[in-house]
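Analysis of the macromolecular model
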Amino acid sequence: MSKVVIIGAGPAGLSAAITCAKKGLDVLVLDEFMKAGGRLLGQLYEEPDGSWWNGIHESTRLYNQAKDLGIQVKLNTPVNHIEKVDHEWVIYTEENTFYTNHLLLATGAAESPVPVPGWTLPGVMSVGAAQVMTNVHRVKPGERGVIIGVNVLSAAIAMELQLAGVEVACMTLPKMNKITSDATDPKKVLNSLLPVSHMAPSEFIKLGSKLMRNDFMKKLGVTFYPKKGVKMWNIPIQLRKAVIEIYGENQVEGVTIATITSDGEVIAGSEEKIPADFVCIAGGLYPLAELAGVAGCPFYLIEELGGYVPLHNERMETTLDGLYIAGNITGIEGAKVAATQGITAGLSIARNSGIIGLEKEIQESVRSIDHTRDRAHIQFHPNVKRGKRKVQEQWKAYYNG
Amino acid sequence: MNRRILEHPILGNLDDQYDVSFTFNNKVYEGCGNEPLAAALLANGVRTLRHHEESGSPRGIYCNIGHCYECRVTVNGQPAVRACLTPIEEGMVVESIGKLPTPVRDWRGEDE
């Protein structure tokens, strides 16, 4: 029996690997990063019960479990191509070529860039870059930053930057976003965030109030200033202003913001400079599915899932024999959902490898994905369940023609 | 200026352990052996990793996880290595990639 190969050592990939190994399969996990955990590394937020979700601890726990089960994890190993040759999947990396009958793609997500004048200056980075620098590598992305793009991810990372002692001067919108806002009512202001954030404003408020329970967060404070806009965790969120440009000679020195009309036109004379030594761009996440693309998976554009996703069923099988997907490649969600999808994929691989008597376990596992989704208190896309239904409808249509 | 986050209310404290020396554009820097080049350089205050091949404009890290290739540098003679994914090693020789001598736009205009 050939080794199961899993691309991606995040929560989905490691959970799948652990599941396969527990069923007696030989597993190899590949990841291009230097540490296992994927983007679970660096996640830091407070649970509803007041405990902290520490992505580094979770990653270490999964990684140690995988090692204890004898799973081979090859880090610093980017996969540059996959293809089916005869009946085997061939996985190409710079140093080696691997072969398997069962290949799981758990490649996660990538960040959508938002081009803003000046965004190539050193010091401008994606918001996820700042998170990794801060929480994983423990290096400050800068002393004082501006975040362009207001959404669930950027709000969470703004809070993480503050925890690490990095000042967030403000969160604002890029010029291209035409946001009309009624700044007299914080609720309406948050409602206006909806098209940008793909997140229910009630969730936004709930997130704030949950973080308030923690003493440290109480110090940071959650205050709404209707007339001046809105502050979250003491960070001004500029909704009626937009970044015109990021300025600096050889690196970021600050941003120029201006008041914009409802059509997005700059009101002359309203320009204002905010000094900063770094700028984060937050354009949201999309499934990172290139390898499924080169493999030949059919794709569907599902807005609720963050973009194009490879066609798959509830058991994490694709239309291609021996190819599976799990985690954010199937749609943008949190690490806990990714992990349950990984477990389901692992069970499907075990069953398709000839291990019998797994049917009930697989069905339970599929249900636990839904349960985990229902319990998630941070949701990137409010209509993710509708998105998931659409994929299943497409799956049926694909096979029933 | 030290850019390392040695104290953290949730993640805990770290020791400031510099155990690896490497060079970037012939200047010696110190870093921690388990960290990538991009982090080691930023901790030393270095933001500009290269200059764009065509325009010569300065570039640094953008995505920090290997997707964007903005942080590519030459490592021990090998060009186009991603600084964000490459752990520093003792004695590593790192160099910026600069503007290329051939203006790319010339032939593009003729083709159109």
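One can find the structure itself at the top, above this paragraph.
Summary of the structure given here. Just so it is clear, the model here is predicted, and its values are computed rather than measured.

So, about helix H10 (residues 335-352) of chain A. In this model H10(A) runs 25 Å from its N-terminal to its C-terminal C-alpha over 18 residues, within 8% of the 26 Å that 1.5 Å per residue would give. Immediately downstream of H10(A), the backbone of Gly354(A) shows phi near 105°, a positive value.

Turning our attention to the interface of chain B and chain A. Residue-level contacts link 38 residues of chain B with 44 residues of chain A. Together, the buried faces of chain B and chain A total about 3300 Å²; carbon and sulfur atoms form 60% of this surface. Broken down residue by residue, the surface that chain B buries against chain A is led by Ile5(B), Arg47(B) and Tyr62(B), which jointly contribute 23%. Between Glu32(A) and Arg82(B) there is a salt bridge; the shortest N-O distance is 3.2 Å. Of all the secondary structure elements, the ones that give two or more residues to the side of chain B that touches chain A are helix H1 (37-43), strand E4 (58-59) and strand E6 (78-82) of chain B. The greatest single-element share of the side of chain B that touches chain A, amounting to four residues, is contributed by H1(B). Here the residues of the side of chain B that touches chain A sort into 20 nonpolar, 11 polar and seven charged.

Let's shift gears to the environment of Pro78(A). As for its position among the elements, Pro78(A) is in the loop between strand E5 (72-74) and strand E6 (79-85). We classify Pro78(A) as partly exposed; its relative accessible area is 28%.

Our next topic: the pattern of salt bridges. Inspection of every chain in the model, using the stated rule, returns 20 salt bridges over all chains. Two residues, Lys23(A) and Glu361(A), come together in a salt bridge whose shortest N-O distance is 3.0 Å. Note that Lys23(A) is positioned in the loop between helix H1 (11-22) and strand E2 (27-30) and Glu361(A) in helix H11 (residues 359-375), a separation of 338 residues in sequence. Judged by its relative accessible area of 26%, Lys23(A) is partly exposed. A salt bridge links Glu53(B) to Arg50(B), with the nearest nitrogen and oxygen atoms 2.9 Å apart. Judged by its relative accessible area of 0%, Arg50(B) falls in the buried class. Ionic contacts of the salt-bridge type, sharing partners, join the residues Arg50(B), Glu53(B), Arg59(B), Glu70(B) and Arg72(B) into one network.

Each strand in a sheet pairs with its neighbour through backbone hydrogen bonds, running either in the same direction (parallel) or in the opposite one (antiparallel). All names here are of chain A. Reading across the sheet, the five strands line up as E5-E2-E1-E9-E22 and stay open at both edges, with parallel pairing between neighbours. Each having just a single partner strand, E5 and strand E22 (323-325) make up the two edges of the open sheet. Adjacent strand axes in the sheet meet at a mean angle of 20°, parallel and antiparallel pairs treated alike. Here strand E1 (residues 4-7) pairs with strand E9 (residues 103-105) via three bridges, running parallel. Bridged to Val5 within E9 is Leu103.

Moving on, we come to the sheet that holds strand E2 (residues 27-31) of chain B. Residues and elements named next belong to chain B. One open sheet accounts for five strands, arranged E2-E1-E7-E5-E6; its pairing is mixed. The sheet is open, and its two edges are formed by E2 and E6, each paired on a single side. Strand-to-strand, the axes of this sheet are offset by a mean angle of 40°, without reference to chain direction. Note that strand E1 (residues 20-24) and E2 share five bridges and pair antiparallel. Paired with Thr23 across the bridge in E2 is Val28.

Moving on to the pairing of strand E16 (residues 254-259) of chain A. Residues and elements named next belong to chain A. Taking burial as the measure, the six residues of E16 include five buried ones, the bulk of the element. By the bridge criterion, four bridges tie E16 to strand E17 (residues 272-275) in an arrangement that is antiparallel. Its bridge partner being in E17, Gly254 is matched across the sheet by Pro275.

Turning next to the packing of helix H3 (residues 127-136) of chain A against helix H4 (residues 152-163) of chain A. Residue and element names in this part refer to chain A. At a closest axis distance of 10 Å, the pairing of H3 and H4 adopts a crossing angle of 30°. Considered as vectors, H3 and H4 are oriented roughly parallel to each other. Note on packing geometry: the crossing formed by H3 with H4 is left-handed. Judged by residue contacts, Val127, Gly128, Ala130, Gln131, Thr134 and Asn135 of H3 engage Leu153, Ser154, Ile157, Glu160 and Leu161 from H4. Of the residues assigned to the contact of H3 with H4, the class counts are five nonpolar, five polar and one charged.

Cut-offs used in this document
- Residues numbered from 1 in each chain as written.
- Chains lettered and ligands numbered in written order.
- Predicted model: local features only at pLDDT ≥ 70, side-chain atom pairs only at ≥ 80, totals over all residues.
- Heavy atoms only, no water.
- Helix = DSSP H or I, 4+ residues; strand = E, 2+ residues; numbered from the N terminus.
- Expected span 1.5 Å × (residues − 1).
- Contact = heavy atoms within 4.5 Å.
- Buried area = accessible area lost by both parts, 1.4 Å probe.
- Salt bridge = Lys/Arg side-chain N within 4 Å of Asp/Glu carboxyl O.
- Nonpolar A, V, L, I, M, F, W, Y, C, P; charged D, E, K, R; others polar.
- Buried < 20%, exposed > 50% of the residue type's maximum accessible area, 1.4 Å probe, protein only.
- Pairing = 2+ DSSP bridges.
- Axes fitted to C-alpha atoms, helices over the stretch in contact; angles between N-to-C directions.
- Parallel < 35°, antiparallel > 145°, perpendicular 65-115°, else oblique.
- Left-handed = near helix turned anticlockwise from the far one by under 90°.

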